[in-house]
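# Structural description and commentary
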Amino acid sequence: MKIERRHKYYTICVYVVISIVITILISICMIKFIPIMGWLHWLFDRTVDLLSPLLIGLVLAYLMEPVVDLYISSLSRPHLSASRVRGISTFFAILTIVAIIGLFVLMIIMNMQQVIHKTDIKGLSQTINAYISYFQATAETLVNQLATDEMSMKAREILTTIYTTINSWATMFGQISMTWVADIGKNLIDIVFGVILAIYIMKDKPKLVKIVNNILSVIFTPKWYKRVTSIGRDLNSVLTGYVRGQILDALIMAVLVGIGLSLIKLDFAVIIGVVSGVFNIIPYFGPVVGLLLAGILGAIGGGIQQAIYAMLIVFVLQQIDGFIIVPKILGTNVKLHPIVVLLAILIGGDLFGLLGMLLGVPLCALMRVIIIRCVGNVFSESFAKSEND
């Protein structure tokens, strides 16, 4: 007897075969879990290596976009085509970013020259070693001057802990810096091609966006296409509000801290400002780095009084940043509870180090947007009430 495609036994057989295949695949994955995970890890690393110039280009283009949009709004003219305006805006945006980076580098070099009267690496290395030696001698002197009573023993333990922590941080920071320098040298070609790709991506962004939309419209049904593009817009809004806002906040804090510490004539004031601005991107933990760095260099270079002034300036600027600057820049784009932010930083740092601390918060914000778009705003108090009604 001939079995028709729509016959019930045919359907049963198809489901049985599919179930057996899925069961076999799951069993193989469970038995060969470690080799499969190793292969996937190798495949991921290989893919990232191959696509690293493109990834660098996408990241740089994403960061350049606000500057390009600013010039587009200023240069738009009726007699100029949209593509020409975008090309000119991209050119001026690149000049602006290069000028800002060059200005920071020039300020750092001038600050180094003012402190050590040299700009060569040898002079900088000698000065850093002298600062470290002075700090070690000061810490050892304070420890030796303490008596052996109970309170002094506690003070010695606290001072020893602080000293050990600072030394470990300095060692870790040096290792990370050397690793970054080595990675930059090793991946210099990828970085150069990434910059070139970023320029082309920004110049032809409308065409590329249209091509992506066309591909999505072919892959998904109209209903799912609308849903996917809507989620994409929400994710872009959140990521834009967080990443670009944090970068702008870092630039503002770098300038304010550098100027504030320069007013009290603190050594390496501009460099401390740049470091404070960079680490300020990491919520909660980042500001502590700038505060400690200002206090330590203040104590080494000018004594306890200058250290107090330096820490007070950084602390006041951080409060202004937290209560005035950040709310103005970030607005309401990232709506995460402080507990979620803290957990995201801790878990991200434990799993992926500094990169995890940087990306933990925006990834949680992206997950929040996806959950809201898929199941509704479960983070709102009114959601449970509407479900119970």
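One structure accompanies this document, and this report is about it. Values in this document were obtained by computation on a predicted structure and should not be read as measured data. (Residues numbered from 1 in each chain as written. Predicted model: local features only at pLDDT ≥ 70, side-chain atom pairs only at ≥ 80, totals over all residues. Heavy atoms only, no water.)

### Observations concerning the overall build of the protein
Selection rule: Every helix listed is a DSSP run of H or I at least four residues long, and every strand listed is a run of E at least two residues long, numbered separately from the N terminus. Only protein chains enter the accessibility calculation, which uses a 1.4 Å probe. A residue is then buried if its area is under 20% of the maximum for its type, exposed if over 50%, and partly exposed in between. Exposure was quantified through the Shrake-Rupley algorithm and a 1.4 Å probe, taking into account, for residues, occlusion by the shown protein chains and nothing else.
Helix and strand counts for the protein come out as 13 helices and zero strands. Each helix and strand of the protein, ordered N terminal to C terminal, gives the series α-α-α-α-α-α-α-α-α-α-α-α-α. Counting only residues that meet the buried cut, the protein has 24% of its 389 residues in that class. About 26,400 Å² of surface is accessible on the protein, with carbon and sulfur atoms providing 72% of the total.

### What to know about the pattern of salt bridges
Rules: Definition used for salt bridges: Asp or Glu carboxyl oxygen within 4 Å of a side-chain nitrogen of Lys or Arg.
A complete count under the given rule lists two salt bridges for this structure. The closest approach of N and O atoms between glutamate 65 and lysine 205, which form a salt bridge, is 2.1 Å. Of this pair, glutamate 65 sits in helix 2 (residues 33–75) while lysine 205 is found in helix 7 (residues 205–219), placing the two residues 140 residues apart along the sequence. Residue glutamate 65 is classed as buried on the basis of its relative accessible area, which comes to 13%. In this structure, the salt-bridge partner of aspartate 204 is lysine 203, at a minimum N-O distance of 3.6 Å. Given the relative accessible area of 23%, aspartate 204 is considered partly exposed.

### Quick look at the nonpolar core
Stated precisely, the cut-off is as follows: Buried residues of nine kinds, namely Ala, Val, Leu, Ile, Met, Phe, Trp, Tyr and Cys, make up a nonpolar core once their side-chain atoms join them within 4.5 Å.
Formed by 14 residues in total, the largest nonpolar core has its most connected members in Val238, Leu336, Val341, Ile345 and Val361. Within the residue set of this core, elements represented by two or more residues are helix 8 (222–263), helix 9 (269–279) and helix 12 (338–375). Listed in part, the 13 residues of the second largest apolar core include Met253, Val257, Leu291 and Val314.

### Let's talk about the packing of helix 8 against helix 9
This is how the line gets drawn: Angles shown run from 0 to 180 degrees and are taken between the N-to-C directions of axes, each axis being a line fitted to C-alpha atoms and, for helices, limited to the stretch in contact. Comment on the angle field: the value is read as roughly parallel under 35 degrees, roughly antiparallel over 145, roughly perpendicular from 65 to 115, and oblique elsewhere. Left-handed describes a crossing whose near helix is turned anticlockwise from the far helix by less than a right angle; the clockwise case is right-handed. What makes two residues a contact is simply this: any of their non-hydrogen atoms within 4.5 Å.
The N-to-C vectors of helix 8 and helix 9 enclose an angle of 150°; their axes lie 7 Å apart at closest approach. If you check the angle between helix 8 and helix 9, you find them roughly antiparallel. As for the relative orientation of helix 8 and helix 9, their crossing is right-handed in sense. Touching Ala250, Met253, Ala254, Val257, Gly258, Leu261 and Ser262 of helix 8 are Ala269, Val270, Ile272, Gly273, Val274, Ser276 and Gly277, all from helix 9.

### Examining the packing of helix 6 (residues 188–203) against helix 7
Inclusion rule: Polar here means any residue outside two lists: the nonpolar Ala, Val, Leu, Ile, Met, Phe, Trp, Tyr, Cys and Pro, and the charged Asp, Glu, Lys and Arg; Gly therefore counts as polar.
At their nearest, the axes of helix 6 and helix 7 sit 5 Å apart, and the two run at 80° to each other. As judged from the angle between their axes, helix 6 and helix 7 are roughly perpendicular. Contacts between helix 6 and helix 7 involve Ile201, Met202 and Lys203 from the former and Lys205, Pro206 and Leu208 from the latter. Looking at the contact of helix 6 with helix 7, its residues break down into four nonpolar, no polar and two charged.

### Digging into the side chain of glutamine 318
With respect to the secondary-structure elements, glutamine 318 resides in helix 11 (residues 304–330). We classify glutamine 318 as buried; its relative accessible area is 13%. Sequence-distant contacts of glutamine 318, defined by excluding residues within four places in its chain, comprise Met253, Pro287 and Leu291.

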